[in-house]
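Here is what each chain is made of, one letter per residue.
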Amino acid sequence: MKVGRLDGGRVVLTEADPPRAGPGEVVVRLAACGVCGTDLEKLRGNYQSAGRIGHEPVGVIEEVGAGVERHRVGERVFVHHHVPCYACAVCRRGDFTFCPTYQRTNIDPGGFAERFRVPEENVRRGAVLPLGASVGWVEGALLEPAGCALTALRRVGFHAGDSVFLVGLGPVGLLYSRVAHALGAGWVGGAELSPLRREAAERGGVEATVDPRSDGAAEELVTRATQGIGVDLAVVATGAPAAVSLAARLPRRGGTLNLFGLPEAQSRLDADLQALYLHGTRVIPTYATTERDIADVHALVAAGRLSVRDLVTHRLPLARIDEAFRLAAAPAEALKVVVTGPALDPDG
Ligand SMILES: [Zn+2]
Ligand SMILES: [Zn+2]
């Protein structure tokens, strides 16, 4: 079968033996998998993890291993690649995505493969989520990044009516704005370089956007929208260090700065620390999501309360994965790029 992998600074298609389901495991035939910003960062060498790519997959269960009772062959599912242990000191405090087990778990060989194996612990802990009949493949492939937004909003203590400003409106920033809107945000604004992305933001829940290159524009917009108070929540949804300095100036007194995008490796915090101190700004990094939050995001999509479909501008078969990665890294051309597999594109 075909598998997309990283090879030096390139993403290449290789051949591998199809996986088999061991006891407690399932094998899924790929329908679609989104290209995530973190996949692009791994390609650039900016994010050293286990090096596996593709973690937003949906597909059809093709094989269930011995002892698997809650799933059946033919089921349409989303699969979450990481699961926490739910038993350690970190998990007991509810910090699931920071559990030491979390990053160790993964699907094999990754989400950009014609077929992939889901380990027993992922299956057992509920990481295989059946898709509702009204949730399409493309929407399913957006559940993981939308889940990251929900996890972030819960972790920072977001309330309905809160005002939000996002610095960076790439696919994940756009999803964040839509989840915030679905949860009843009072006002959402954003700063983004790409006109294509600013347009997508304004057609789905973001009231106003600015180009961050225009000096003072974000501060001015926030001042106007909040009567000079500042936003309840400013979100850094990009890795660019300059975005942090901008976002740090936007929260109200006692407000929150959410570090949401993967920062550039080796970058340092550049913010007025005395201002953060005197304003009581809560600086909260959030990372990744859990299968529980993904299930909640799925319920929002299934109920028609969260619409995400229009964010996918390109669908490319696995055979063209290099082009998919090139497009995903081109903010002027694409929003979300999804790679499709044999369950959706039999001749892809
Ligand atoms: Zn992702
Ligand atoms: Zn744990």
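Fair warning: this is a prediction, and the values are worked out from it, not measured in the lab.

What counts, and at which threshold
- Residues numbered from 1 in each chain as written.
- Chains lettered and ligands numbered in written order.
- Predicted model: local features only at pLDDT ≥ 70, side-chain atom pairs only at ≥ 80, totals over all residues.
- Helix = DSSP H or I, 4+ residues; strand = E, 2+ residues; numbered from the N terminus.
- Rg over C-alpha atoms; globule rule 2.2 N^0.38 Å.
- Buried ≥ 20, exposed ≤ 12 C-beta atoms within 10 Å, placed from the backbone.
- Contact = placed C-beta atoms within 7 Å.
- Axes fitted to C-alpha atoms, helices over the stretch in contact; angles between N-to-C directions.
- Parallel < 35°, antiparallel > 145°, perpendicular 65-115°, else oblique.
- Left-handed = near helix turned anticlockwise from the far one by under 90°.
- Pairing = 2+ DSSP bridges.
- Expected span 1.5 Å × (residues − 1).
- Core = buried A, V, L, I, M, F, W, Y, C linked by C-beta atoms within 7 Å.
- Domains from an automatic or database assignment.
- Nonpolar A, V, L, I, M, F, W, Y, C, P; charged D, E, K, R; others polar.

**Let's talk about the overall build of the protein**
Here comes step 1: Helix and strand counts for the protein stand at twelve helices and 15 strands.
Here comes step 2: Its C-alpha atoms give the protein a radius of gyration of 20 Å, near enough to 20 Å, the size a compact globule of 348 residues would have.
Here comes step 3: For the protein, the C-alpha atoms occupy an extent of roughly 60 × 45 × 40 Å along the three principal directions.
Here comes step 4: The buried share of the protein, reckoned over its 348 residues, is 50%.
Here comes step 5: Within the protein, contacts between residues at least 6 apart in sequence are counted, and of these 70% link residues at least 24 apart.

**Focus: the packing of helix H5 (residues 143–155) against helix H6 (residues 171–182)**
Here comes step 1: Their axes nearest at 8 Å, the elements H5 and H6 cross at an angle of 55°. Between H5 and H6, the angle falls in the class oblique. The chirality of how H5 crosses H6 is right-handed. Contacts from Pro-145, Ala-146, Cys-148, Ala-149, Leu-150, Ala-152 and Leu-153 of H5 reach H6 at Pro-171, Val-172, Leu-175, Tyr-176, Val-179 and Ala-180.

**Concerning helix H1 (residues 37–44)**
Here comes step 1: Counting buried positions along H1 yields seven of eight residues, so the element is predominantly enclosed.
Here comes step 2: Every buried residue of H1 is listed here: Gly-37, Thr-38, Asp-39, Leu-40, Glu-41, Lys-42 and Leu-43.
Here comes step 3: One or two steps after H1, the chain reaches Gly-45, where phi turns positive at roughly 85°.

**Here's the deal with the sheet that holds strand S10 (residues 208–210)**
Here comes step 1: An order of S10-S9-S8-S11-S12-S13 is seen for the six strands of this open sheet, with the pairing classed as parallel. The open sheet is flanked by S10 and strand S13 (282–285), the only strands paired with a single partner. Taken pair by pair, the neighbouring strands of this sheet meet at an average axis angle of 20°, ignoring direction.
Here comes step 2: Relative to strand S12 (residues 251–259), strand S11 (residues 231–236) runs parallel, the two sharing five bridges. For Val-235, the partnering residue across the bridge sits in S12 and is Asn-258.
Here comes step 3: Across the sheet, helix H8 (residues 217–225) is in contact with strand S8 (163–167), strand S9 (187–191), S10 and S11; its angle to S9 comes to roughly 170°.
Here comes step 4: Sheet strands touched by helix H9 (residues 241–248): S8, S9, S11 and S12. Its angle to S11, the strand with the most contacts, is close to 175°.

**Here's the deal with the pairing of strand S1 (residues 2–7)**
Here comes step 1: As judged from the six bridges shared by S1 and strand S2 (residues 10–15), these two strands associate in the antiparallel manner. Its bridge partner being in S2, Val-3 is matched across the sheet by Thr-14.
Here comes step 2: The loop that links S1 with its antiparallel partner S2 comprises two residues; one of these, Gly-8, has a positive phi angle of about 60°.

**A few points about H6**
The periodicity of an α-helix, 3.6 residues per turn, causes residues three or four places apart in sequence to face the same way.
Here comes step 1: Given a rise of 1.5 Å per residue, twelve residues ought to cover 16 Å, and the 16 Å separating the end C-alpha atoms of H6 matches this to within 8%.
Here comes step 2: Judged by how many residues are buried, H6 sits mostly within the fold: eleven of twelve residues are covered.
Here comes step 3: Two residues or fewer past H6, Gly-184 is found with a positive phi of approximately 95°.

**A word on the nonpolar core**
Here comes step 1: The biggest cluster of nonpolar side chains holds 107 residues, and the ones touching the most others in it are Tyr-176, Val-179 and Val-235.
Here comes step 2: Counting residues domain by domain, this core receives three or more from each of domain 1 (2–146 + 289–340) and domain 2 (157–285).
Here comes step 3: Contact partners of Val-179, with chain neighbours within four places excluded, come to Ala-146, Ala-149, Leu-150, Leu-153, Val-297 and Leu-306.

**Section: the domain arrangement of the protein**
Here comes step 1: For the protein, the domain assignment lists domain 1 (2–146 + 289–340) and domain 2 (157–285).
Here comes step 2: Contact with domain 1, which involves 19 residues of that partner, is made by 17 residues of domain 2.
Here comes step 3: Of all the secondary structure elements, the ones that give two or more residues to the side of domain 1 that touches domain 2 are H1, H5 and helix H11 (291–302).
Here comes step 4: Per element, the largest residue contribution to the side of domain 1 that touches domain 2 is three residues, and it comes from H1.
Here comes step 5: Among the residues making up the side of domain 1 that touches domain 2, the classes are represented as twelve nonpolar, four polar and three charged.

**Thoughts on the packing of H5 against H11**
Here comes step 1: At a minimum axis distance of 8 Å, the contact between H5 and H11 shows a crossing angle of 110°. Classified by the interaxial angle, the pair formed by H5 and H11 is roughly perpendicular. The segment H5 lies against H11, with Leu-143, Glu-144, Ala-146, Gly-147, Leu-150, Thr-151 and Arg-154 engaging Asp-293, Ile-294, Asp-296, Val-297 and His-298.

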